[in-house]
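Understanding the architecture of this molecule
Residue-level listing of the chains:
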Amino acid sequence: MIDFDQEKDTIQDDQKGRMETKAQYLKAAPAAVVTLEGNGDRRGTHAYKVALGHRKNNSAEKYLVKRGVNVNTISSDERKPLNIGHDELAWPSNRCDHLAQR
């Protein structure tokens, strides 16, 4: 999981170590299909959340592609929250990109 600050699409400095580790692991498995699924919390309009999810995916995708990882992206916005709560405790866990390997 790649966490983002509220309403931001840049990768947090504290996430870069995690991203580097994942990139190295995924480069070692070139046949793997990697999917980034952007999630969002329930605040704001649907169009805004979809656009923000795409920007988050693009940010994470560029980071991984620069390191030699092929990535597919999906923006799920608020339709598939990781945490179904609708409060200050749930929202941060839904502002993320989820990285899946198949």
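What comes next concerns the included structure. Because the structure is predicted, anything quoted here is derived from the model rather than measured. (Residues numbered from 1 in each chain as written. Predicted model: local features only at pLDDT ≥ 70, side-chain atom pairs only at ≥ 80, totals over all residues. Heavy atoms only, no water.)

**Some words on the overall build of the protein chain**
Counting its secondary structure elements, the protein chain contains three helices and four strands. Taken from N to C terminus, the helices and strands of the protein chain fall in the order β-α-β-α-β-α-β. For the protein chain, with 102 residues in total, the buried portion stands at 39%. Within the protein chain, contacts between residues separated by at least 24 positions form 77% of all contacts whose residues are at least 6 apart in sequence. Summed over all atoms, the accessible surface of the protein chain reaches about 5800 Å², with 52% contributed by carbon and sulfur. (Helix = DSSP H or I, 4+ residues; strand = E, 2+ residues; numbered from the N terminus. Buried < 20%, exposed > 50% of the residue type's maximum accessible area, 1.4 Å probe, protein only. Contact = heavy atoms within 4.5 Å. Areas by Shrake-Rupley, 256 points an atom, 1.4 Å probe, with all protein chains shown as cover.)

**So, the environment of Met-1**
Mapped onto the elements, Met-1 comes out in the segment before strand S1 (2-3). Its relative accessible area of 36% is what places Met-1 among the partly exposed residues. The sequence separation of Met-1 and Arg-18 amounts to 17 residues, and the corresponding C-alpha distance is 8.8 Å.

**Thoughts on the pattern of salt bridges**
This structure, assessed with the given rule, holds three salt bridges. We note a salt bridge from Arg-55 to Asp-9, for which the minimum N-O separation is 3.0 Å. Remark: Asp-9 occurs in the loop between S1 and helix H1 (16-27) and Arg-55 occurs in helix H2 (residues 46-66); sequence separation between them is 46 residues. Exposure remark for Arg-55: the relative accessible area of 34% places this residue in the partly exposed category. (Salt bridge = Lys/Arg side-chain N within 4 Å of Asp/Glu carboxyl O.)

All quantities given are derived from atomic positions and should not be read as evidence of function.
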